[in-house]
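Summary of structural features
Letter by letter, the chains look like this.
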Amino acid sequence: MYETVLAAVSPETIDSLFALAMGFALAGLCASGYRLFRKRFPSFRLLEVGPMTARFAAIPLLMFSAPYIIMRNTLRGRRIEGRRVEAVMVATVIAGLWSLMSGTVIVAALQALLNV
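Note that this is a predicted model, so its numbers are computed, not measured.

Looking now at the overall build of the protein. Broken down by element type, the protein carries four helices and zero strands. Scanning the protein from its N terminus toward the C terminus, one meets helices and strands in the order α-α-α-α. A globule of 116 residues ought to have a C-alpha radius of gyration of about 13 Å, yet the protein, at 17 Å, is considerably larger. Referenced to the eigenvectors of the C-alpha coordinate spread, the extents of the protein come out at roughly 55 × 40 × 20 Å. Residue burial in the protein is summarised as follows: out of 116 residues, 27% are buried. Only carbon and sulfur atoms are counted for the fraction: they give 70% of the accessible area of the protein, which is about 8,400 Å².

The following block contains the structure:
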């Protein structure tokens, strides 16, 4: 029975799930690292405040921590403001796709570094 279940999952599916997990893990790592040094969570408002060099420096951080920020804001909005479930579902899909893309970049970079 287990052989048929394992045979049904393609290697591309496993790669995609691994990239998705890596993307969410990296998002959490970036957001937690920022919070460790700045004592607050990152926000998309980092692109609006401070000198221009600080804004440009925030772009890579926000690119990789965006799934975490989206999900955190969405779940807080659901709890505090009572946002509709449909909006939460759409935000979850957006965060998942963003995580899949950033995870794919990370997996490709790791493969290039390790020559796998």
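Here the narrative resumes, following the displayed structure.
Within the fold, Ser 65 resides in helix H3 (residues 52-80). Within the structure, Ser 65 has its side chain in polar contact with the backbone oxygen of Leu 61 (distance 2.7 Å).

Now for the packing of helix H2 (residues 11-38) against helix H4 (residues 85-114). It is at 6 Å that the axes of H2 and H4 come closest, and there the two elements cross at 100 degrees. It follows that H2 is roughly perpendicular to H4 by the angle criterion. For the pair H2 and H4, the contacting residues are Ser 16, Phe 18, Ala 19, Leu 20, Met 22, Gly 23, Phe 24 and Leu 26 in the first and Ala 95, Gly 96, Ser 99, Leu 100, Ser 102, Gly 103, Thr 104, Ile 106, Val 107 and Leu 110 in the second. Across the contact of H2 with H4, the residue classes tally to 11 nonpolar, seven polar and no charged.

Next up on the list: H2. Between the first and last C-alpha of H2 there are 40 Å, a value that for 28 residues agrees with the 40 Å anticipated at 1.5 Å per step. Buried within H2 we find Ala 19, Gly 23, Leu 26, Ala 27, Gly 28, Cys 30, Ala 31 and Tyr 34. Where the residues of H2 are buried, they touch H3 and H4. Two residues or fewer after H2 comes Lys 39, characterised by a positive phi angle close to 65 degrees.

For the rest of this paragraph, the subject is the pattern of salt bridges. Pairing is possible between side chains that carry opposite charge, provided their charged atoms lie close to one another. What the rule picks out here adds up to two salt bridges. For the salt bridge of Arg 84 with Glu 86, the shortest nitrogen-to-oxygen distance reads 3.3 Å. Taking relative accessible area as the criterion, Arg 84 reaches 59% and is therefore assigned exposed. Residue classification places Glu 86 among the partly exposed positions, given a relative accessible area of 44%.

Our focus in this paragraph is the environment of Ala 95. If you trace the backbone, Ala 95 turns up in helix H4. When the C-alpha atoms of Ala 95 and Arg 84 are compared, they prove to be 17 Å apart, with 11 residues separating the residues in sequence. When neighbours within four sequence positions are excluded, Ala 95 is seen to be in contact with Phe 24, Pro 67, Ile 70 and Met 71.

Rules used throughout
Residues numbered from 1 in each chain as written. Predicted model: local features only at pLDDT ≥ 70, side-chain atom pairs only at ≥ 80, totals over all residues. Heavy atoms only, no water. Helix = DSSP H or I, 4+ residues; strand = E, 2+ residues; numbered from the N terminus. Rg over C-alpha atoms; globule rule 2.2 N^0.38 Å. Buried < 20%, exposed > 50% of the residue type's maximum accessible area, 1.4 Å probe, protein only. Areas by Shrake-Rupley, 256 points an atom, 1.4 Å probe, with all protein chains shown as cover. Polar contact = N/O pair within 3.5 Å; in protein donor to acceptor, adjacent residues only side chain to side chain. Axes fitted to C-alpha atoms, helices over the stretch in contact; angles between N-to-C directions. Parallel < 35°, antiparallel > 145°, perpendicular 65-115°, else oblique. Contact = heavy atoms within 4.5 Å. Nonpolar A, V, L, I, M, F, W, Y, C, P; charged D, E, K, R; others polar. Expected span 1.5 Å × (residues − 1). Salt bridge = Lys/Arg side-chain N within 4 Å of Asp/Glu carboxyl O.

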